[in-house]
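Coordinates in review
Spelled out from the first residue to the last, the chains are:
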Amino acid sequence: MERVSFPPLSRVAICGGTHGNEMSGVYMVREMQKRKVDQAGSASITTVLSNPRAVDACRRYIDQDINRCFTDALLSAPLTDSSPYELRRAKELNAQLGPKGSQEAVDLLCDIHNTTSNMGLCLILYSVDYITLHIYKYIQSKMTSTPVRAIQLDIPLPEAYSFESVGKHGFALEVGPQPNGVVRADIYNMVKEAVDLTMEWLQAFNSGSSFEGGEVEAYTTERSVDYPRDPTTNEITAAIHPQLQDNDFKLLRPGDPTFLTFSGETVKHEGEELYPFFINECAYYEKKIAFHLAKKITLNFPSISGHSVSDGHF
Amino acid sequence: MAGVHKSSSWTQSGAFAGVVSAEPCHLVLETSPPDYVKKISRYLESSVGRDEVSNEIAGADSDSGDSLFLTQKQVPEAVRSGKREHLSLRSKPVSPRDLEGSDAGSLSSDSHEEPKTAKDERYKKQPSISSLPKFSLPFLSGRKLKGKARDTRLSNMQNKTLHNSAMGGFFKCLIEGYERGHDAQSSLPTVDVEGQDISSLSDAPGGDNLPYEVQRAQEINRLFGPKGSPEAYDVIFDLHNTTSNMGCTLILESSKDHFNLQMMNYIKKAIAPASCLVLLNEHPLLKYSTSRSVAKHPVGLEVGPQPQGVLRSNIFEAMRVILKHALDFIELFNEGMEFPPCTVEVFWVSERIDYPRDANGNIIAMVHPNLQDCDWEPLNPGDPMFQTFDGKTIHYQGSGTVYPTFINEAAYYEKQQAFVTTRRETLLASAIRKA
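Residues numbered from 1 in each chain as written. Chains lettered and ligands numbered in written order. Predicted model: local features only at pLDDT ≥ 70, side-chain atom pairs only at ≥ 80, totals over all residues. Heavy atoms only, no water.

**Some thoughts on the UniProt feature "binding site: Zn(2+)" (unreviewed entry) in chain A**
Residues and elements named next belong to chain A.
- Using the residue numbers shown here, the UniProt feature "binding site: Zn(2+)" (unreviewed entry) corresponds to His19, Glu22 and His113. Of the residues just listed, which span 95 residues, no C-alpha pair is farther apart than 7.3 Å, and they cluster in one region.
- Considering the arrangement of structural elements, one finds glutamate 22 in the loop between strand 2 (11-16) and helix 1 (23-34).
- Apart from residues lying up to four places away in sequence, glutamate 22 is in contact with Arg60, His113 and Asn114.
- Secondary-structure assignment places histidine 113 in strand 5 (residues 108-114).
- Residues in contact with histidine 113, not counting those within four places in the same chain, are Thr18, His19, Glu22, Asn67, Ala172, Leu173, Glu174 and Val175. (UniProt positions renumbered as here; feature names shortened; annotations may be inferred. Helix = DSSP H or I, 4+ residues; strand = E, 2+ residues; numbered from the N terminus. Contact = heavy atoms within 4.5 Å.)

Structure (structure tokens):
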């Protein structure tokens, strides 16, 4: 593949507290603000506490999940007096770091999340993007404390609903397992390492370094599976099976156990072999998701380098 | 486990900034009145060598009297006796003059173990701590609002601390009153407002204005109590989860509850070689009034680690097994089995340790990776205890080895608790048999 040039990434946003009870991002942003971190080489850094009311209350959200509010449609819909807090806040964030899809948007937006699932460190990419793939490759090559994986959602930009789609390039850092409302030092240290490595890569890129392309493995969502539920009450009737619990990204074969009902029966996986993730994520009970199932794919991407626009490449 | 990755590649404009300090806060809470502090220290000092307690247990008859023995007769259902007197919380902001009289204790009668369910709907609708009445102190310089206005209300953390301390001050007055031989009514603190007739808190009206949980506690007391009366239920099992790595834990409230001690001994033996430890929360200052304390024999089941809002099969199964053995014990007891004297190892709560915090009440360090998940393991002086966000280690400075638990429980950040320390004790339980 031919090498691709990009203009420097001069404006970067690091965001935490998009979900107010996912504590690594909250404390990461607070710490960066305390230390007045606003530069990484030639790039300017903006740190943002995305959902301050939810952070204050230590809840995922106040009215609705803000990380589903960034579609073009929702961002352009007019506000009324009764608009949910998060819709209001999403528009504020879009004005501050976007507007999404425009030239004024920040070059890179990194949104920090935690999960109760045993996913280690994941970069969630809403689309294939050479910049974020290179950042992923860089982090993966340097981090040894935990597996580093990429989940690629493949959503066209107008329908992309999550916060990181506001930047020209963006990714969510999803780190677990960590309970809501808790900050674990080991998880925080992983997040810090990933953010540090991102800044490191950025500075190297902005000073003209080239990064060799290649291929990386990523996971792409096929479907999600809900808990078995009682048809009348809609209450769940089973828990994730002990053999599936904590085994995110371990291949699930037909016949493998997925749920254990309260009366002791085992429910088994049917259909093709797939990779489960977000297994038993707390926030997904209400979204009717027990786990997602993904295919593993290989993504090829070219070498890239940062060049100024005046060099003629873009 | 990776150490902290030291970042040398970020630059900061200007000098390295330390902790951002808040505007000075002149709350009385910052320093306890000296006599109260002395009282706490005296108790803690005297409680370090606790051998005399075990001897006490050995010689004691059953302290719960006739209520120790379950009778053949079914306990009649508690009947609502009409509208009871309600406790009402202060709903008006307190003036600085009122604060001067209250004690800055760390007592809290808040029920600490909130039952955690997997139902997100209920969790979603639950009011946040910002629904507590907000104290506003006019002498604070306050946060700048739009225009020239200043917000002199306390932050959520400060507000909650003040509410907790006000409650603690209230109970301290009550305890001191009892010790001086006064009745409850005259022990209650009153606010000296000229010309006003102050009723005691329990007389105050406003049932509907009570927080949901206070209403619910009164309901539970009506259904399963009244607490302290002969009509109260014999046993309540209170099922809880924790984000801490406590495994299976039984929580005991009284070192003199021989029935419970025998039950816990039975459960421990029944699930062996799996472990089930006993936490004894009998500390005059740190003890709190649980919903289960309405019964004659309250039993707490605490199983973790499990995140809030999540149901894990292994945790669910562990709780099911413990409860099964507990009910087996009751059945055997009711059938007339005699349980001979036995010893029970307990972990006795000593001290609550909070996170290091800044002036705004935000934590500035996390439980150290070496301590995280190490519930029940010895913590020695000099061992790592906290890690600041910029990677420094804070060491445990106690005088001896302790056994920490409830390490990094999500619900306790707002209760100023990173973990509790305990000491290992062996209690003697007398023989018990149904009367």
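**Digging into the environment of Arg253(A)**
- Structurally, Arg253(A) is set in the loop between strand 11 (238-240) and strand 12 (257-261).
- Note: C-alpha distance between Arg253(A) and Ile62(A) (191 residues apart in sequence) is 39 Å.

**Describing the sheet that holds strand 12 of chain A**
Residue and element names in this part refer to chain A.
- One open sheet holds the three strands; their spatial order is 11-12-13, and the pairing between them is antiparallel. The outermost strands of the open sheet, each flanked by one partner alone, are strand 11 and strand 13 (266-268). The sheet shows a mean angle of 30 degrees between the axes of neighbouring strands, direction not considered.
- Bridge count for strand 11 against strand 12 is three bridges, and the pairing is antiparallel. Residue alanine 238 lies in a different strand from strand 12, and its bridge partner there is threonine 261. (Pairing = 2+ DSSP bridges. Axes fitted to C-alpha atoms, helices over the stretch in contact; angles between N-to-C directions.)

**Digging into the UniProt feature "active site" (unreviewed entry) in chain A**
Residue and element names in this part refer to chain A.
- Sequence positions flagged by UniProt for "active site" (unreviewed entry) are, in local numbering, Glu174.
- On the secondary structure map, glutamate 174 appears in strand 8 (residues 169-176).
- With near-sequence residues (within four places) excluded, glutamate 174 lies in contact with His113, Asn114, Thr115, Met119, Gly120, Leu121, Cys122, Ile124 and Phe278.

**Details of the sheet that holds strand 9 (residues 365-367) of chain B**
Residues and elements named next belong to chain B.
- The strand order 9-10-11 describes an open sheet built from three strands, whose pairing is antiparallel. Unpaired on one side and paired on the other, strand 9 and strand 11 (393-395) mark the two borders of the sheet. Adjacent strand axes in the sheet meet at a mean angle of 35 degrees, parallel and antiparallel pairs treated alike.
- Inspection of the sheet shows strand 9 paired to strand 10 (residues 384-388) by three bridges, in the antiparallel sense. Considered in strand 10, the bridge of alanine 365 is made with threonine 388.

**Re the nonpolar core**
- In terms of nonpolar packing, the biggest core is built from 68 residues, with Leu123(A) and Trp201(A) touching the most fellow members.
- The biggest single contributor to this core is helix 6 (residues 185-206) of chain A, with twelve residues.
- For Leu123(A), the residues in contact, after removing those within four places along its chain, are Thr132(A), Ile135(A), Tyr136(A), Ile139(A), Val148(A), Arg149(A), Ala150(A), Ile151(A), Phe171(A), Ala172(A) and Leu173(A).
- Membership of the second largest hydrophobic core comes to 32 residues, among which are Leu252(B), Leu261(B), Ile322(B) and Ile330(B). (Core = buried A, V, L, I, M, F, W, Y, C linked by side-chain atoms within 4.5 Å. Buried < 20%, exposed > 50% of the residue type's maximum accessible area, 1.4 Å probe, protein only.)

**Some details on helix 4 (residues 85-97) of chain A**
- Over its 13 residues, helix 4 of chain A extends 18 Å from the first C-alpha to the last, a length consistent with the 18 Å expected when each residue adds 1.5 Å.
- Looking at the buried residues of helix 4 of chain A, the elements they touch are strand 2, strand 4 (43-49), helix 2 (52-57), helix 3 (72-76) and strand 5 of chain A. (Expected span 1.5 Å × (residues − 1).)

**Structural notes on the packing of aromatic side chains**
- This model, assessed by the stated rule, comprises 27 aromatic pairs over all chains.
- Pairing Trp201(A) with Phe211(A) gives two aromatic rings, centres 5.1 Å apart and planes at 35 degrees, and the pair type is tilted. Of this pair, Trp201(A) sits in helix 6 while Phe211(A) sits in strand 9 (residues 210-211), and the two are ten residues apart along the sequence.
- Using a relative accessible area of 14% as the deciding quantity, one classes Phe211(A) as buried.
- Relative to Phe329(B), the ring of Tyr266(B) has its centre 5.7 Å away and its plane inclined at 50 degrees; by these criteria the two rings are tilted. In this pair, Tyr266(B) sits in helix 8 (residues 258-271) while Phe329(B) sits in helix 9 (residues 313-334), placing the two residues 63 residues apart along the sequence.
- The class for Tyr266(B) is partly exposed, based on a relative accessible area of 22%.
- Directly above the aromatic system of Tyr27(A) lies the positively charged group of Arg30(A), at a separation of 5.4 Å from the ring centroid.
- Cation over ring: Arg424(B) sits above Tyr403(B), and NZ or CZ is 5.2 Å from the ring centre. (Phe/Tyr/Trp six-rings, centres within 6.5 Å; stacked < 30°, edge-to-face > 60°. Lys NZ or Arg CZ within 6 Å of the ring centre and 35° of its normal.)

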